[in-house]
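Listed here are the chains, written in short residue letters.
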Protein chains: 2
Amino acid sequence: MIVQKYKDMLQGKSVIRQLSEFATARGAEIGYENVFDYSLGNPSVPAPQKFTDTMIDMLQSRSPMELHGYSQSLGIPTVREKVAESLNKRFGMNYTGNHIFMTTGAAGAIAHAVRCVTQPGDEILTFAPFFPEYQPYINLTGATLKIVPANVEDFQINFEAFEEMLTDKVMAVLINTPNNPSGIVYTTETIQKLAAILTEKSKEYEHDIFLISDEPYREIVFAGTDAPYVSKFYSNTLSCYSFSKSLSLPGERIGYIAVNPACTDAEYITSMCGQISRGTGHNCPPSIIQLAVAEVLDLTSDLSVYETNMNILYKELTSLGFECVKPGGTFYMFPKTLEKDAVAFSEKAKKYDLILVPSDSFGVPGYFRLAYCIDTEKVERSLEAFRKFVKAEY
Amino acid sequence: MIVQKYKDMLQGKSVIRQLSEFATARGAEIGYENVFDYSLGNPSVPAPQKFTDTMIDMLQSRSPMELHGYSQSLGIPTVREKVAESLNKRFGMNYTGNHIFMTTGAAGAIAHAVRCVTQPGDEILTFAPFFPEYQPYINLTGATLKIVPANVEDFQINFEAFEEMLTDKVMAVLINTPNNPSGIVYTTETIQKLAAILTEKSKEYEHDIFLISDEPYREIVFAGTDAPYVSKFYSNTLSCYSFSKSLSLPGERIGYIAVNPACTDAEYITSMCGQISRGTGHNCPPSIIQLAVAEVLDLTSDLSVYETNMNILYKELTSLGFECVKPGGTFYMFPKTLEKDAVAFSEKAKKYDLILVPSDSFGVPGYFRLAYCIDTEKVERSLEAFRKFVKAEY
């Protein structure tokens, strides 16, 4: 019989998707170029030319059997080794290919990491504001996601609330830095303090507490920002990465888990992920994409537009009276709304063709998210709409 | 803490993988061309040239943003529509794009289909001989796979045993036709009888019993074989397909579920699969591969070599005294071993550089599987090895 649980989930409409659909419909009326659609976190810059060239070259020169054959279930060995080398070089780590498990993007990475270190019934903590997809990612594994309230002063970690919630039932902590939706990057001090608490509590509870570090925005960090490599500070770290944002390849579903070589049972974890795959039907990201990405590991798309856009918006919004913690990376910012009810605020903004996501689903009331992965020219044109909106409504 | 269940699974070594590793090691000694490796079911013919040409053309002419952008979570709408049209034309069905859920190969399809129609604790029946991966595919969802003993006369269905095992706890039946490992294709009569029993028992138990039809070998059917399209015979059918074999693209992880438009809750099932994906981390097959496959839906690789190989082997093996049900498709055959103990038989064959998979893990003792997806020239050279083996050992 049809499983009711999944049927019931169809009722829950994503606020972001609804806003995006509104933007598309409004675009059909007035031209999409006139809708200031800040709803969706899709990269707005192309993949590096070398990625395209590599794909074409492989298709022209390699045998289809070699190119499209089964990957081993943990990933193509040469690709895993190249990922390890690149991380070692950039972050001073000591990964080998055996510590890398290739995944279908960050979603695949988190699905495996969570199953690896939690049993149904265990708790996982994450910090508000947080990516709403974490709820189904985690709850469908049988573990329970609990949300530590935000530190609204600077969107670093609210350690007081965290220590209260870090009970014996917590087997993993999930962090996302640079952060969606706040754009904040956890500082070295934050990561050090987090690591110290996890180390102490692991001892006290006599079980490991794993840190699952979701890092799809790792390459999008703005000038002057302290952006530590999380795994360097805590051994029991599983780093979950996606090339979706750094190489602008969200549809090609490619990422990895990097297992800290000093973590508990480090030698088994990627193989365990391979076993987990048999139940999730994961069976590796596409071979040709693995091979192509391995050739551009140290490149990124031209990500500078995101910082340009952030600076324009930050300046204008703060001068209009918005309170906002300045982002250190990503293509998001998370200002305070000008009235308490973020949904009402977002609703009013629509009248000015400003599509802004209210913050409630991110676990903090009274804020809104701007995804400024759009053309700079459009960002500039949107400023007048913000001015009109604020003047007329507040 | 590390989850012991997955760590324990690392102990279970796949017989097929061990044999394949032996073949590789032996190949290093005597040259791989001299090892008659019938262990692995990997396609031995290239993808159609049009697939490669389409990929290159898209990479050269389309914008990277369009090509590599997020696919919707159920698949790219135009791709889903083209799959539906192709199936309707070929099999006289009435699918729309809404009945198609794009998956990362057959493994992804089965992982979603099972979660859609069974709860943890429910039973699923399949028929021996069966693909051993079904065990982890199903058991890791929480459902329990039970194996109906083989009908060794012709490897059609053992209906007597099936009816005994088809209790109220069974929520789905999983079939694989054309079959790995037997190469047998279920006849129209078999499918009709199966459908009649499922219909009757669904009424008796007052709940749906879904048919999950795993069809990666659907395009590899030999001359004169009756190969019905399963879903035409039973409304509550979820057809699970992979392009791995038909287009020789196993590494690119692309397939789909086609939901019979007359099945219970047909209008919800693909959307439910989208919800399931959020927990499995599936999130769609790669965009570029979806787009390229949609252009070659009615093509296949040149699959004729498999029938050529089958005929050569069938003739020689039967003349050597092997009992074998003649395959109607796939690139497998499943003869009876010449002694009761299939593992001992396979072990002796290794002395003649014949790599044959003993049948025990397929759920039937006393047989062996040949995966004849290798060059015909090598098949021909292997005949002398078979003759020597049989003459010396039996």
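Now for a quick tour of the structure. (Residues numbered from 1 in each chain as written. Chains lettered and ligands numbered in written order. Predicted model: local features only at pLDDT ≥ 70, side-chain atom pairs only at ≥ 80, totals over all residues.)

A few words now on the packing of helix α6 (residues 105-117) of chain B against helix α10 (residues 266-280) of chain B. Residues and elements named next belong to chain B. Where α6 contacts α10, the axes come no closer than 9 Å and their chain directions differ by 110°. Judged by the angle between their axes, α6 and α10 are roughly perpendicular. On α10, the residues touching Ala111, His112, Arg115 and Cys116 of α6 are Ile269, Met272, Cys273, Ile276 and Thr280. Each residue belonging to the contact of α6 with α10 can be placed in one class, and the counts come to six nonpolar, two polar and one charged. (Axes fitted to C-alpha atoms, helices over the stretch in contact; angles between N-to-C directions. Helix = DSSP H or I, 4+ residues; strand = E, 2+ residues; numbered from the N terminus. Parallel < 35°, antiparallel > 145°, perpendicular 65-115°, else oblique. Contact = placed C-beta atoms within 7 Å. Nonpolar A, V, L, I, M, F, W, Y, C, P; charged D, E, K, R; others polar.)

This paragraph deals with the relation of the copies chain A and chain B. Screw-axis analysis of chain A against chain B gives a translation of 0.0 Å along the axis, an RMSD of 0.0 Å, and a rotation angle of 180°. Both chain copies can therefore be described as sitting about a two-fold axis. Here 100% of the contact residues of chain A are again contact residues in chain B; the copies associate through an equivalent surface. (Least-squares fit on C-alpha atoms with pLDDT ≥ 70 in both.)

What follows is about the pairing of strand β5 (residues 170-176) of chain B. Residue and element names in this part refer to chain B. In terms of burial, β5 is a largely internal element, seven of the seven residues being buried. Of the strand pairs in this sheet, strand β3 (residues 123-127) and β5 are connected by four bridges, and their pairing is parallel. In the sheet register, Leu125 faces β5, and the bridge partner there is Val173. Judged from the five bridges that link them, β5 and strand β6 (residues 210-214) form a sheet pairing that is parallel. What sits directly across from Asn176, in β6, is Asp214. (Buried ≥ 20, exposed ≤ 12 C-beta atoms within 10 Å, placed from the backbone. Pairing = 2+ DSSP bridges.)

Our focus in this paragraph is the interface of chain A and chain B. Accessible area lost on assembly of the parts is the figure often given for the size of an interface. Counting residues at the interface gives 65 residues for chain A and 65 residues for chain B. Looking at the side of chain A that touches chain B, the elements with two or more residues in it are α1 (4-9), α3 (49-61), α4 (64-68), α6 (105-117), α7 (134-139), α10 (266-280) and α11 (287-293) of chain A. Here the element with the most residues in the side of chain A that touches chain B is α6 of chain A; it accounts for nine residues. Residues that form the side of chain A that touches chain B fall into these classes: 32 nonpolar, 25 polar and eight charged.

Residues and elements named next belong to chain B. Its 18 residues give helix α9 (residues 188-205) an end-to-end C-alpha distance of 25 Å, which sits within 8% of 26 Å, the value for a rise of 1.5 Å per residue. Residues of α9 that are buried: Thr190, Ile191, Leu194 and Leu198. Looking straight down α9, one finds that the buried residues subtend no more than 90° of arc, so they occupy a single side. For α9, the exposed residues set more than 90 degrees away from the buried face come down to Glu189, Ala196, Lys203 and Glu204. If you follow the buried residues of α9, they end up packed against β5 and β6. A positive backbone phi angle near 55° is found at Glu206, which sits one or two residues after α9. (Expected span 1.5 Å × (residues − 1). Arc of directions from axis to C-beta.)

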